[in-house]
Amino acid sequence: MINRKTFLGCSEYKNGCKFSINKTIATKKLTEKNINDLLEKGSCWRVQPFLY
């Protein structure tokens, strides 16, 4: 993954990979741990302001 200012992108983009993930979703900033858990575990996470 390549860390950009507002998103993470696939380091294989030159070979056609189009994967990217925004660091902000619905005005909530994702932490590095949130993004790592999603990419490594493929599981959902809980971002504080989304919890009721």
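Not measured: the values here are computed from a predicted model.

So, on to unusual backbone geometry. Positive phi, normally seen in glycine, also occurs at A26, with a value near 50 degrees. Within the fold, A26 resides in the loop between β4 (24-25) and β5 (28-29). Phi is positive for T27, which is not a glycine, with a value near 65 degrees. Mapping T27 onto the fold places it in the loop between β4 and β5. Taking the relative accessible area as the measure of exposure, T27 reaches 69% and is therefore exposed.

In this section: the environment of M1. Mapped onto the fold, M1 is located in the segment before β1 (2-3). Here the alpha-carbon distance between M1 and I21, two residues 20 residues apart in the chain, equals 9.9 Å. Leave out the neighbours within four places in its chain, and M1 touches L8, G9, C10, S11, F19 and L39.

With that out of the way, let us pick up the pattern of salt bridges. Should the charged atoms of two oppositely charged side chains come close, the side chains can pair. Within the structure shown, the criterion is met by 2 salt bridges. Between K33 and D37 there is a salt bridge; the shortest N-O distance is 2.7 Å. One end of the pair is K33 and the other is D37, both in helix α1 (residues 32-41) and 4 residues apart, which spans about a single turn. Among the ionic pairs, D37 bridges to K41, the shortest N-O distance being 3.7 Å. Of this pair, D37 and K41 both sit in helix α1, separated by 4 residues, roughly a single helical turn. Take D37: its relative accessible area is 16%, and that puts it in the buried class. Where salt bridges share partners, they join K33, D37 and K41 into one cluster.

Our next topic: the state of the cysteines. What the rule picks out here adds up to 1 disulfide. Residue C10 pairs covalently with C17 via a disulfide, S to S 2.3 Å. Every disulfide takes its handedness from the sign of the S-S torsion; for C10 and C17 that torsion is 115 degrees, giving right-handed. According to the relative accessible area criterion, C17 is partly exposed, its value standing at 28%.

Criteria and cut-off values
- Residues numbered from 1 in each chain as written.
- Predicted model: local features only at pLDDT ≥ 70, side-chain atom pairs only at ≥ 80, totals over all residues.
- Heavy atoms only, no water.
- Helix = DSSP H or I, 4+ residues; strand = E, 2+ residues; numbered from the N terminus.
- Buried < 20%, exposed > 50% of the residue type's maximum accessible area, 1.4 Å probe, protein only.
- Contact = heavy atoms within 4.5 Å.
- Salt bridge = Lys/Arg side-chain N within 4 Å of Asp/Glu carboxyl O.
- Disulfide = S-S within 2.5 Å.

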